[in-house]
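Notes for the structure review
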Amino acid sequence: MKLSVAALSLAFAASVAAFSPATGGGPNRAASALSMSGVERNPNFGKLQGGYLFPEIGRRRTAYLEKNPDMADRIISLGIGDTTQPIPEHILSGLVEGASKLGDKAGYSGYGAEQGRGDLREKISGVLYNGLIKPDEVFVSDGAKCDIMRIQQVFGPGVVSAVQDPSYPVYVDTSVMMGQTGLINKETSQYDNIVYMPCTAENDFFPDYASLPRADVVYFCSPNNPTGAAATKEQLEGLVQTCKERGSILVFDAAYAPFIRSEGVPKSIFEVQGAREVAIEVNSFSKYAGFTGVRLGWTVVPSDLKFKDGSLVRDDFNRVMTTAFNGASNIVQNGGLACLDGAGMAEIDALIDYYLENAKLLKDAMESIGYRVFGGTDAPYVFVRLPEGQSSWDAFSEILEKAQVVTIPGAGFGPGGEGYLRLSAFAPRDGVIEACDRLKEAMAK
């Protein structure tokens, strides 16, 4: 028997009503709806200062465009380090193949190993580390940033962390979230219970950890974000030795390793003798192959690295991965395999050369108008020293207003970054050339 349109409508209305929240309950229910829950907020989040840096940059850019909508087409971003060049052909073919397999009964795959595909782990070990680390010490993930938080979960709230100052904000913010820190000191803009390692032009942006209080965990990024400094082998040998003597664990962020072109500058901490006993390394395909939106990274936790009680750090990291992660996308891991083919590595080299040429253009432009400039040689970031007394946030706002170029204020990377401006080389070439012209006009001394 066929139902009438009226009957169908009535049945649909009844089904919608069945899944809709009740609105009755009188005045007590209304009062309850306006009240807060009985759950206390995590006090560690209350310690965080404002929003995370890069969304804050986006917010200020949006606010500027709301006031100046006619400037929307003029904005050039030298801000967040987001790649802009398309994924190259061979690497893209790996992603396409990975997606195509899911539409075929023979090629379909569901859940995989949380630690990553065995063939990808082997390829990372062989191609990128030349066998310095073992495949089962590689944990494939959705990116280095996520892995930093996973590492924090392994260490928990009871450790003291050391960070470069200035540094990528994730190290500090995740330490705060984990409950490792005290409150922020308003006078120094530093959190209590974090060891800040000054990185200045005077020490070539390499910290003297040996002269500072001991930390349980030392976060170190080379090539560095934001300064662009790349540590030499001799410098890293000293850092590894100090960590070994103090019983510290070194977390080495090598996300910008492919930008290294200078002789004697390690691309991995495991090129340093003794690092297997003290170091974890995080890395990512984001800057290698334009995977910022694709999301694929890895962390190396050597089997030689142990806690004070002799247990393996790797085992606890494996527990975090298997408990809170279901593995990187099958499609994306197929793209990762293509990255590490001979053709893929050649495409990566071409991409890196493109961005390094952008960095050279930016560095040359700023030096041509009298600024002292760092980085931009083995890194995609150019770190510009501002005139004495000029606030980096003021410089950010002034450049946005005058030149419609988005930069990053050094203070966003910690108090040690005040007085500097970070320029990213990840914009398209024509945008970089135009930005150089505008910056030379807007920032001329």
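Residues numbered from 1 in each chain as written. Predicted model: local features only at pLDDT ≥ 70, side-chain atom pairs only at ≥ 80, totals over all residues. Heavy atoms only, no water.

1. Concerning the nonpolar core
Rules: Take the buried Ala, Val, Leu, Ile, Met, Phe, Trp, Tyr and Cys residues and link them wherever side-chain atoms come within 4.5 Å; each set so joined is a nonpolar core. Three exposure classes are used, based on accessible area relative to the maximum for each residue type with a 1.4 Å probe and protein chains only: buried under 20%, partly exposed in between, and exposed over 50%. By the convention used here, residues are in contact when the closest approach between their heavy atoms is within 4.5 Å.
Counting 97 residues, the largest nonpolar core has F155, Y219, L236, L250, I269 and F291 as the members making the most contacts within it. In this view, L250 contacts V218, F220, L239, V240, C243, I269, V278, A279 and I280; residues no more than four positions away in its chain are not counted.

2. Observations concerning the packing of aromatic side chains
Put simply, the rule reads: Geometry of aromatic contacts follows a simple scheme: Phe, Tyr and Trp rings, the Trp one being its six-membered ring, pair when their centres are within 6.5 Å, and the pair is stacked under 30 degrees between planes, edge-to-face over 60, tilted otherwise. Secondary structure counts use DSSP, requiring at least four H or I residues in a row for a helix and at least two E residues in a row for a strand, with both numbered from the N terminus.
All told, the structure shown has 24 aromatic pairs when counted by the stated rule. Ring centres of F205 and Y420 lie 6.2 Å apart, and the angle between their planes is 75°; this geometry places the pair in the edge-to-face category. Of this pair, F205 sits in the loop between β6 (194-198) and β7 (217-221) while Y420 sits in strand β15 (residues 420-424), and the two are 215 residues apart along the sequence. The residues F205 and Y420 share a single accessibility class, namely buried.

3. Considering helix α15 (residues 429-442)
We apply this condition: To estimate the expected span of a helix, count its residues, drop one, and scale the result by 1.5 Å.
Over its 14 residues, α15 extends 20 Å from the first C-alpha to the last, a length consistent with the 20 Å expected when each residue adds 1.5 Å. Taken together, the buried positions of α15 are G431, V432, A435, C436, R438, L439 and A442. The elements touched by buried residues of α15 are β1 (76-77), α13 (342-368), α14 (392-403), β13 (405-406) and β15.

4. Topic: the packing of helix α7 (residues 144-155) against helix α11 (residues 313-324)
We count it as follows: Axis lines are fitted through C-alpha atoms, for helices just across the contact stretch, and the angle between N-to-C directions can take any value from 0 to 180 degrees. The labels follow the angle: roughly parallel below 35 degrees, roughly antiparallel above 145, roughly perpendicular from 65 to 115, and oblique for the rest. By the definition used in this description, the sense in which the near helix is turned from the far one sets the handedness, with an anticlockwise turn below a right angle giving left-handed and a clockwise turn giving right-handed. Asp, Glu, Lys and Arg are counted as charged, while Ala, Val, Leu, Ile, Met, Phe, Trp, Tyr, Cys and Pro are counted as nonpolar; the rest, among them Gly, fall into the polar class.
With their axes 9 Å apart at the nearest point, α7 and α11 run at an angle of 120° to one another. In terms of orientation, α7 and α11 fall into the oblique class. Here the hand of the crossing between α7 and α11 comes out right-handed. Of α11, the residues touching α7 (which contributes D147, R150, I151, Q153 and V154) are D316, F317, V320 and M321. Taken together, the residues of the contact of α7 with α11 break down into five nonpolar, one polar and three charged.

5. Some thoughts on the pattern of salt bridges
Test applied: For salt bridges, the criterion is a side-chain nitrogen of Lys or Arg within 4 Å of an Asp or Glu carboxyl oxygen.
Evaluation of the coordinates by the stated rule reveals 15 salt bridges. Here D119 ties to R117 by a salt bridge, and the two come within 2.7 Å at their closest N and O atoms. The exposure class assigned to D119 is partly exposed, which follows from its relative accessible area of 36%. Each of E56, R59 and R60 takes part in salt bridges that share partners, so that together they form one network.

6. Description of the sheet that holds β15
Note the cut-off: Two strands are said to pair when DSSP picks up at least two bridges between them.
Across the sheet, four strands lie side by side as β11-β12-β15-β14; this open sheet has antiparallel pairing. One side of each edge strand has no neighbouring strand; the edge strands of this open sheet are β11 (373-375) and β14 (408-409). Relative to β15, strand β12 (residues 381-385) runs antiparallel, the two sharing five bridges. Paired with V384 across the two strands is L421, which belongs to β15. α14 rests against β14 and β15 of the sheet, and its axis sits at about 50° to β15.

7. Quick word on the sheet that holds strand β10 (residues 297-300)
The mixed open sheet is built from seven strands, whose spatial order is β2-β10-β9-β8-β7-β3-β6. The open sheet terminates on both sides in strands that have one partner only, identified here as β2 (138-141) and β6. Each strand of the sheet is rotated relative to its neighbour by a mean of 20°, with strand direction disregarded. Of the strand pairs in this sheet, strand β8 (residues 249-253) and strand β9 (residues 279-284) are connected by four bridges, and their pairing is parallel. Looking at β9, one finds that V251 is bridged to I280. Each of β2 and β10 touches helix α6 (residues 118-128); the most contacted strand, β2, lies at about 115° to it. Sheet strands in contact with α11 are β2, β8, β9 and β10, and its direction is about 20° off that of β2.

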